[in-house]
2 protein chains.
Amino acid sequence: MSLDNSMDASAHPLYERVKSHILHQISSGVWTPGEKIPSESELITQLNVSKMTANRALRELAHSGHLRRVVGVGTFVTEPKIESDLLEIPNIAEEIRARGHVYSARVELLAEERANSRLAENLGLTPGAKVFHSIVIHADGDIPIQLEDRYINPALAPNYLSADFSQKTPGEYLTELAPAQEAEHIVEALMPPKPVAKLLAMPEGEPCLVVSRRTWAKGIVASGSRLYHPSSKYRLGGRFAPIAQSSHGGIS
Amino acid sequence: MSLDNSMDASAHPLYERVKSHILHQISSGVWTPGEKIPSESELITQLNVSKMTANRALRELAHSGHLRRVVGVGTFVTEPKIESDLLEIPNIAEEIRARGHVYSARVELLAEERANSRLAENLGLTPGAKVFHSIVIHADGDIPIQLEDRYINPALAPNYLSADFSQKTPGEYLTELAPAQEAEHIVEALMPPKPVAKLLAMPEGEPCLVVSRRTWAKGIVASGSRLYHPSSKYRLGGRFAPIAQSSHGGIS
DNA sequence: GAGTGGTCTAGACCACGGA
DNA sequence: CCGTGGTCTAGACCACTCC
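Below is a summary of the structure that appears in this document.

Analysis parameters
- The residue numbering used here restarts from 1 in each chain and proceeds along that chain's sequence as written.
- Whichever chain is written first is A, and whichever ligand is written first is 1; the rest continue in order.
- Predicted model: local features are reported for residues with pLDDT of at least 70 only, side-chain atom pairs are reported and counted for 80 or more only, and whole-chain, interface and lining totals are derived from all residues.
- Side-chain measures were taken over the full set of non-hydrogen atoms in the model, leaving aside hydrogen atoms and water.
- For this analysis, a salt bridge means a side-chain nitrogen from Lys or Arg found within 4 Å of a carboxyl oxygen belonging to Asp or Glu.
- Under the scheme used here, helices are H or I runs from DSSP no shorter than 4 residues and strands are E runs no shorter than 2 residues, and both carry numbers assigned from the N terminus.
- One heavy atom suffices: a residue is near a molecule or strand as soon as one of its heavy atoms comes within 4 Å of it.
- In protein, a polar contact requires one atom able to donate a hydrogen and another able to accept it; more generally it is a pair of N or O atoms within 3.5 Å, and residues adjacent in sequence count only if both atoms are side-chain atoms.
- Each residue is assigned to one of three groups, with Ala, Val, Leu, Ile, Met, Phe, Trp, Tyr, Cys and Pro labelled nonpolar, Asp, Glu, Lys and Arg labelled charged, and all others, Gly among them, labelled polar.
- The buried label applies to any residue whose accessible area, calculated with a 1.4 Å probe on protein chains only, is under 20% of its type's maximum; exposed applies above 50%, and partly exposed to all values in between.
- Criterion used throughout: strands pair if DSSP finds at least two bridges between them.

### As for the pattern of salt bridges
Close approach of charged atoms allows side chains of opposite charge to pair.
Part 1 of the argument: For the structure shown, the criterion picks out 21 salt bridges over all chains.
Part 2 of the argument: A salt bridge links B:E60 to A:R59, with the nearest nitrogen and oxygen atoms 4.0 Å apart. You can see B:E60 sitting in helix α3 (residues 51–63) and its partner A:R59 sitting in helix α3 (residues 51–63), one on each of two chains.
Part 3 of the argument: Among the salt bridges present, the one from B:R106 reaches B:E108, with a minimum N-O distance of 2.8 Å.
Part 4 of the argument: By sharing partners, the salt bridges in this structure join A:R59, B:E16, B:K19, B:R56 and B:E60 into a single network.

### Topic: the protein's contact with DNA strand D
Part 1 of the argument: By nearness alone, 26 residues border DNA strand D, and A:L14, A:Y15, A:T53, B:E40 and B:M52 come closest of all.
Part 2 of the argument: If you look at DNA strand D and keep only atoms within 4 Å of the protein, 71% of those are sugar or phosphate atoms.
Part 3 of the argument: A distance of 2.8 Å separates a phosphate oxygen of DNA strand D from a polar backbone atom of B:E40.
Part 4 of the argument: In terms of residue count, the dominant contributor to the surface near DNA strand D is α3(A) (4 residues).
Part 5 of the argument: Of the residues that constitute the surface near DNA strand D, the class distribution is 11 nonpolar, 10 polar and 5 charged.

### Some remarks on the pairing of strand β9 (residues 208–217) of chain A
All names here are of chain A.
Part 1 of the argument: Buried residues dominate β9, accounting for 10 of its 10 residues.
Part 2 of the argument: Here β9 shows a buried face lined by C208, V210, S212, R214 and W216 and a second buried face lined by L209, V211, R213, T215 and A217.
Part 3 of the argument: Taken together, the 10 bridges between β9 and strand β10 (residues 220–230) define a ladder with antiparallel strand orientation. Bridged to R214 within β10 is G224.

### A few points about the sheet that holds strand β3 (residues 74–77) of chain B
Residue and element names in this part refer to chain B.
Part 1 of the argument: Reading across the sheet, the 3 strands line up as β1-β3-β2 and stay open at both edges, with antiparallel pairing between neighbours. Looking at the sheet topology across the chains shown, the edges are occupied by β1 (36–37) and β2 (67–70).
Part 2 of the argument: The sheet contact formed by β1 and β3 spans 2 bridges and is antiparallel. From the neighbouring strand, K36 faces β3, where its bridge partner is F76.

### Re the sheet that holds strand β1 (residues 36–37) of chain A
Residues and elements named next belong to chain A.
Part 1 of the argument: Reading across from one edge, β1-β3-β2 is the order of the 3 strands in this open sheet, with antiparallel pairing throughout. Taken across any chain shown, the strands that pair with only one partner, and hence form the sheet edges, are β1 and β2 (67–70).
Part 2 of the argument: Relative to strand β3 (residues 74–77), β2 runs antiparallel, the two sharing 4 bridges. Residue L67 lies in a different strand from β3, and its bridge partner there is V77.

What follows is the structure in structure tokens.
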């Protein structure tokens, strides 16, 4: 066997092609979660690479959470977990597709409204000002993962109401219009309001992980949204290095 | 020059000792942010290691954000970032005191235990290995804000059991022992187990915001902890600039 | 003991950037 | 041109697990 060089040939480093090969075997279902994959020495002969190259590919995939390695035993495909990176602004559609699952969206609401005083304050508008309001259910196959309740500043997305959110998420739509300069996140655990629980098909008594977010573009508030996730189906995660000399950033 | 083997000698891999050496040069101010550090070849002769070993140490420090490498130019110490606000889970004691309230702690448990298989996997130990276990309730006055359920790798904090956690938190204690190189956070919403709810004086049916954290020092897992917060009394928040070069990171 | 991952070396070639 | 980082190899030794 040899690695797919396609046409671009060795544009990518060899260890990256090894990683791609392994990820492809996983996403195409050849190697399933929990299963033991070929050992280093097997990959070395199968792919005709050196031990250091194979090892680097496997090590990096283990670090990124795709594989799990156990000395003296073998290398295994990790059980998939829906988990996003706290460092990045999460894109729920990408996350689901990255798991090799089918992303689907259902638009529950897409309308123009008038801002009440509380909303106006959040978005930096005056009470009674025109705002766009969307509610979209993001699902992994048939399983709802996120209810996105979003208000938009019309100044930054005048044609928002005529967008098609069945394939492109509101976040992706806005990303193309204006890159965000800044974002604010608040994360909390809440019992969902009844209508939210119903739309997310949640059993009685299950809490939600709620991310409230505001983004700024061109110096003004572009969008304020509230993302409800069933606690059993979603969690936030991040891995990062502490700041070097900071008074924080110890083991803590 | 040679690397600090201290007493534990080559218990740690060589590339980890190279990393520690570099981090120490930075934290002690020998190499300052923005400054160019010795090149690979210089480090190779100075520390008497092979190119691959030096390269791995430098590559991993670049990946973790401590260094920045530019081909044909050199390797530089990174300027401290501001964007990690959300990512530093705040020190609960500092946070309470910053509000002008009275911080208090109650140690519920401080003991040596044997790791079961799940815990051993999380900490990178073998099942049955010795671990330290602490449970501390952090309170704002009389109001419990956080239950900290923490397991420690004894290799990195041999005297953990004789520490006094009534004034100094376990996190602060560990921070002084060994600087963490990396941390992982997972945030989720959970209904608290009965004993946790009781210790936090939570009413029936209130969810918890749960932060699970692992930290790495010297290349091994230093500590794994689970922080339970009553949803009505705590939430995570932060404001930051999206990551520049990421393919993600828009308004979203 | 055989197989596994984990590390390490000595040397090699390459693409790039600056003088 | 030379120094930089980036990759790659062939082979080596080790600690570990499972039989």
